[in-house]
Amino acid sequence: MTLLLIAPPGAGKGTQGERLADRYGVRHIAAGDLLRAEAQAGGPLGREIAAYQARGDLVPDQVVLDVLTPVVVEAAARGGYILDGFPRSLPQAIAAAELAARLGVTLQAAVYLYAPDAVLTRRMLDRASQGGRTDDTADVIRHRLELFAATTGPLIPYYKERGILVAVNADQPPDAVTADIQAGLSGLSLSRA
Ligand code: AMP
């Protein structure tokens, strides 16, 4: 199973990504988590990543690819991956397709979780009040949502045209979202991907 998870911040892609990975027995690769780990490790590259993340800006593509590629290569060799938070732009989607082709795997589905901005903002502010992430401040949240709409949004028609998009309403309890994702995946003709 090779699946992409595309969602605005606060839509629950971490939770759903873990569940999908458990279900299909493949690795859950969360781009934001791997980049945060790299940032925490320090050094010049870590500091550069931390600065982008603190502002809610996208980390440059080459840096993201350098961090993700070895993990994706290893996961592909073990049967697949749930790639969460990558790609986040059309150039990254092209890079993701090239990487999959190089590894001889087919991207089988792109799951898109959507919810109103007001719901996403509330969830992120709740997460912040529980001692969550430093990029969950009102200004940075607004910027991340705008960036998602402008830069990641074009991936929705891109994957729809390729016949592998599964769009799911994320403004529901987590179990209902998981059930809808599974229904959507079973409705896809995976061999067409
Ligand atoms: P997330 O954990 O998915 O909310 O991502 C947190 C932050 O990590 C984002 O706001 C970006 O700064 C960075 N990031 C995560 N994924 C990517 C990506 N595919 N491309 C560029 N930056 C990313």
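Residues numbered from 1 in each chain as written. Predicted model: local features only at pLDDT ≥ 70, side-chain atom pairs only at ≥ 80, totals over all residues. Heavy atoms only, no water.

A. Representation of the site of the ligand within the structure. Around the ligand, the surrounding shell holds 17 residues, and the nearest of these are Lys-13, Gln-53, Asp-57, Gly-85 and Arg-88. Within the side chain of Arg-88, an N or O atom sits 2.9 Å from a nitrogen atom of the ligand. At 3.1 Å from an oxygen atom of the ligand is found a side-chain nitrogen or oxygen belonging to Arg-133. Here the ligand loses 96% of its free accessible area of 480 Å² to cover by the protein chains. (Near = heavy atom within 4 Å. Polar contact = N/O pair within 3.5 Å; in protein donor to acceptor, adjacent residues only side chain to side chain. Areas by Shrake-Rupley, 256 points an atom, 1.4 Å probe, with all protein chains shown as cover.)

B. Structural context of the side chain of Ser-89. Here Ser-89 is to be found in the loop between β3 (81–84) and α5 (90–103). Looking at Ser-89, the relative accessible area reads 7%, which means it is buried. Residue contacts for Ser-89: discarding those within four places in its chain leaves Thr-151 and Leu-155. (Helix = DSSP H or I, 4+ residues; strand = E, 2+ residues; numbered from the N terminus. Buried < 20%, exposed > 50% of the residue type's maximum accessible area, 1.4 Å probe, protein only. Contact = heavy atoms within 4.5 Å.)

C. Local environment of the sheet that holds strand β2 (residues 27–30). Overall, parallel pairing links the 5 strands, which are arranged β2-β3-β1-β4-β5 in an open sheet. Each end of this open sheet is capped by a strand with a single partner; those strands are β2 and β5 (165–169). On average, each strand axis in the sheet is inclined to that of its neighbour by 20 degrees, with strand direction left out of account. With 4 bridges connecting them, β2 and β3 associate as parallel partners. Within β3, the residue paired with Arg-27 across the bridge is Tyr-81. Along the sheet, helix α4 (residues 61–77) contacts β2 and β3; its crossing angle with β2, the most-contacted strand, is approximately 165 degrees. (Pairing = 2+ DSSP bridges. Axes fitted to C-alpha atoms, helices over the stretch in contact; angles between N-to-C directions.)

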